[in-house]
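Listed below are the residues making up each chain.
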Amino acid sequence: MTENAAVEVQKASRVYGAGSSAVRALDEVSLTIRRGEFFTLLGPSGCGKTTLLRLIAGFETPTTGQILIDGKDVSQTPPNQRRVNTVFQSYALFPHLTVSQNIGFGLEMLGRPRAQIKDAVARMLALVKMEKMADRRPQMLSGGQQQRVALARALAPEPEVLLLDEPLSALDLKLRKEMQLELKRLQTETGITFVFVTHDQEEALTMSDRIGVMSAGNLLQVGAPREIYNRPVNRFVADFIGETNFLTATIRNGIPRLSNGEAVQAKGPARLDGKTVTLAVRPEQVRIDPEGPIHATIAQTVYFGTDTHCHLRLADGTELVARLQSPPSGDIGLKAGEKVRIGFVPGAVQMLEG
Amino acid sequence: MARSSPARTGWLLSTPALILLFIGALGPLAIVVVYAFLEPGEYSGVVWNFSTEAWFRVFFERDIFDDTVSMADAHLTIFWRSVKLSLLTTFITFVIGFPTAWFIATRPPTQRAIWLFLITIPFWTNLLIRTFAIMEVVRNQGLLNSFLMWTGVIGRPLQILYTDTAVLIGMAYVYLPLMVLPLFAAIDRFDFKLIEAGYDLYASRTKVLRRVILPIVRPGIVAGSILVFVPSLGAYVTPRILGGGKNMMIGNFIELQFGQGRNWPLGAALSLILLLIVLVALIAYVRVTSNDGGRDGQT
Ligand SMILES: Nc1ncnc2c1ncn2[C@@H]1O[C@H](COP(=O)(O)OP(=O)(O)O)[C@@H](O)[C@H]1O
Ligand SMILES: [Mg+2]
């Protein structure tokens, strides 16, 4: 359908095993990844991210459905005939080859002339800043360096799509931040489509052009980071990405009301009248406001430096967190047990189905 | 004491090992070397006169009537057969052993122990009995011939027993575990993700085998080959029983000198030649291993 689609996944399912012990790792997932974008698959461990990546790489074939790369159905094409390369979580560098030989391996297998391979390897070494390590064996490199070699090796054959399965999870925090920037730079410089897998929502939000949120073999929502964060489609997405407060409310005359009748500043579609819904609001969108419509009691305040987290209890017992900016004095002047009124930033409240 | 340096303590502590090494390895070897330069005794043993006759007899023979000297073709044939059969045994055990070791290494851990146990079962049985069992399989009315005749592939029994083929089958069977175990150890350590990495980088199945798997498990291949080749070369029981009296290998020939041949110096000289062949083979192997990786790579 789309001309600028690098990868199209059409109702792809993958079932492992058979009979009663069968595991449906992927359940009719459909997804279009655009050419040249940094796409992230985000979800908790075991939700099927690796399975989806392996279907695109060709290590697995879909039980049902199709995988299209560059518009062609490759569901039955072996991995060595797909213009797709993978950066493995464990790096999987060849221990018997030097860094240069590792990087040149793909081009060599493609039968490129020697001189061209040599040039490409030199270019890749410069791109990942590993020129000095060219003749080392992978075992003699640090984790971060191995990571760079794995990237260079996968980029050298200039694939249509680069697949990265949690490539940063083995690195310590500082190195991880560095590599996040590095990856983003490489993606911009090469213009290659990246499909990046992570279970770290912050990583996903900072690096991606678009994110696909997965849970239990299903793709729940696809969208730009801001969209996913500000307009999660259901409770799972809202909860998984960032911190969220959940309120239960009933819609009356298009206005959601808490159990004690207090109105929430949000609009509910008339068709939901009389229905009970879940409202989601981010902690930074909660205001302590003497004019606010909702009564609350301060349960606790926690000082975080720039922010102070204010734990509140509503009349119906619901717990809520407000993230307030700390004043210059550092003391927001609220004490546990104090009665306050709160409100929400206009447009901040999301109404969720699930 | 400041003067009892760690080095000296080290030497002191290793004396038991050194004594054992001398008594167990160097001593007997020295005796063999000395005997190889003596004259044979009338009925057995040696006469303490220096002589290089034994070495001469290894390669040449003197005509008993006119004293003309010619190459000892029979001896060279035996050497050649030994080396050839040992190399073939090594090759056959590798071709059978590699898929076997691969199969075991790819089983779930709980099943692996059972398969390894099955592989080692033949070790529990006496070598003679195992060899007679092979004889039972390859003889004219044996299992193999009966089966082939039953399927109609052949009309008459094949004469396998008392041929080099029988010796080869016997040795391959006897030494197979020695190939499988080191191969298993190497494949077990092998990271199977590397196969996916190979496919991912456009290598075909054969390329993955040749450029990724084989180079990485090479230490296991070398270890298995040495473990099979060395005892094959000196094999005695298997060629004796399955090869009959005619198809001798070095081991049988050496035994002949110490027994019926009553020529201990010749036996000693032959033993040293055997040792030399093994040594040359080992050096060749070591050179192949130390030269890993860089060989087929480029850049
Ligand atoms: N080869 C396999 N055999 C059986 N089950 C598998 C296999 N691979 C994955 N699974 C199952 O499929 C589900 C999804 O796994 P995976 O795609 O690895 O998740 P993720 O990468 O998101 O952590 C999990 O429940 C996992 O146990
Ligand atoms: Mg995974």
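Everything numeric in this text was worked out from a predicted model, so none of it was measured. (Residues numbered from 1 in each chain as written. Chains lettered and ligands numbered in written order. Predicted model: local features only at pLDDT ≥ 70, side-chain atom pairs only at ≥ 80, totals over all residues. Heavy atoms only, no water.)

*Asks:* Where do I start with the overall build of chain A in this structure?
*Replies:* Helix and strand content of chain A: eight helices and 19 strands. Oriented by its inertia axes, the alpha-carbon framework of chain A measures out at about 75 × 50 × 40 Å. Pairs at least 24 apart in sequence give 66% of the contacts found in chain A among residues at least 6 apart. When the accessible area of chain A is evaluated, it comes to approximately 16,200 Å², of which 49% is carbon and sulfur surface. Taking the 41 positively charged and 38 negatively charged side chains of chain A as two groups, their mean positions are separated by 2 Å. (Helix = DSSP H or I, 4+ residues; strand = E, 2+ residues; numbered from the N terminus. Contact = heavy atoms within 4.5 Å. Areas by Shrake-Rupley, 256 points an atom, 1.4 Å probe, with all protein chains shown as cover. Lys, Arg positive; Asp, Glu negative; His and termini not counted. Charge placed at Lys NZ, Arg CZ, Asp CG, Glu CD.)

*Asks:* Before we go on, may I ask you to explain the confidence of the model for chain B in this structure?
*Replies:* Predicted coordinates in regions of low pLDDT should not be interpreted in detail. Residues and elements named next belong to chain B. Overall, the predicted model of chain B reaches an average pLDDT of 88, with 95% of residues at or above 70. Ignoring residues within four places in sequence, the model shows residues 293–299, a span with pLDDT below 50, making 14 contacts including any to other chains. Reported confidences for the modelled complex are a pTM of 0.82 and an ipTM of 0.83. (pLDDT = per-residue confidence, 0-100.)

*Asks:* Hey, could you run me through the sheet that holds strand β17 (residues 319–325) of chain A in this one?
*Replies:* For sheets, the rule is that strands pair by backbone hydrogen bonds, running either parallel or antiparallel. All names here are of chain A. As summarised here, the arrangement of the five strands in space is β14-β18-β15-β16-β17, forming an open sheet in which the pairing is antiparallel. The open sheet has two edge strands with one neighbour each: β14 (286–288) and β17. Between one strand and the next, the sheet's axes are offset by a mean angle of 45°, whatever the strand orientation. Where β14 meets strand β18 (residues 339–344), three bridges bridge the pair, whose relative direction is antiparallel. Looking at the pairing, Arg287 lines up with Gly343 of β18. (Pairing = 2+ DSSP bridges. Axes fitted to C-alpha atoms, helices over the stretch in contact; angles between N-to-C directions.)

*Asks:* Mind showing me how you'd approach the site of ligand 1 here?
*Replies:* Residues and elements named next belong to chain A. If you check the shell around ligand 1, you find Tyr16, Val23, Ala25, Pro44, Ser45, Gly46, Cys47, Gly48, Lys49, Thr50 and Thr51 and nothing else. The separation between an oxygen atom of ligand 1 and a polar main-chain atom of Gly48 is 3.1 Å. Within the contact set of ligand 1, an oxygen atom lies 2.5 Å away from a side-chain nitrogen or oxygen of Thr50. Taken by itself ligand 1 offers 560 Å² of open surface, and the protein chains cover 59% of this. Those elements giving two or more residues to the shell around ligand 1 turn out to be β2 (23–34) and α1 (49–57). By residue number, the principal contributor to the shell around ligand 1 is α1, which donates three residues. The class makeup of the residues in the shell around ligand 1 is five nonpolar, five polar and one charged. (Near = heavy atom within 4 Å. Polar contact = N/O pair within 3.5 Å; in protein donor to acceptor, adjacent residues only side chain to side chain. Nonpolar A, V, L, I, M, F, W, Y, C, P; charged D, E, K, R; others polar.)

*Asks:* Please explain the domain arrangement of chain A as it appears in this structure.
*Replies:* For interface size, the figure often reported is the accessible area lost on association. Residue and element names in this part refer to chain A. With domains assigned, chain A is organised as domain 1 (35–58 + 79–234) and domain 2 (243–352). Here the C-alpha centroids of domain 1 and domain 2 sit 41 Å apart. Domain 1 puts seven residues into the contact, and the matching count from domain 2 is four residues. Considering only the surface of domain 1 that becomes buried against domain 2, Tyr229, Asn230 and Pro232 emerge as the three largest contributors, covering 73% of it. Here domain 1 is connected to domain 2 by three residue pairs in polar contact (both at pLDDT 80 or more). In terms of residue class, the side of domain 1 that touches domain 2 is made up of four nonpolar, two polar and one charged. (Domains from an automatic or database assignment. Buried area = accessible area lost by both parts, 1.4 Å probe.)

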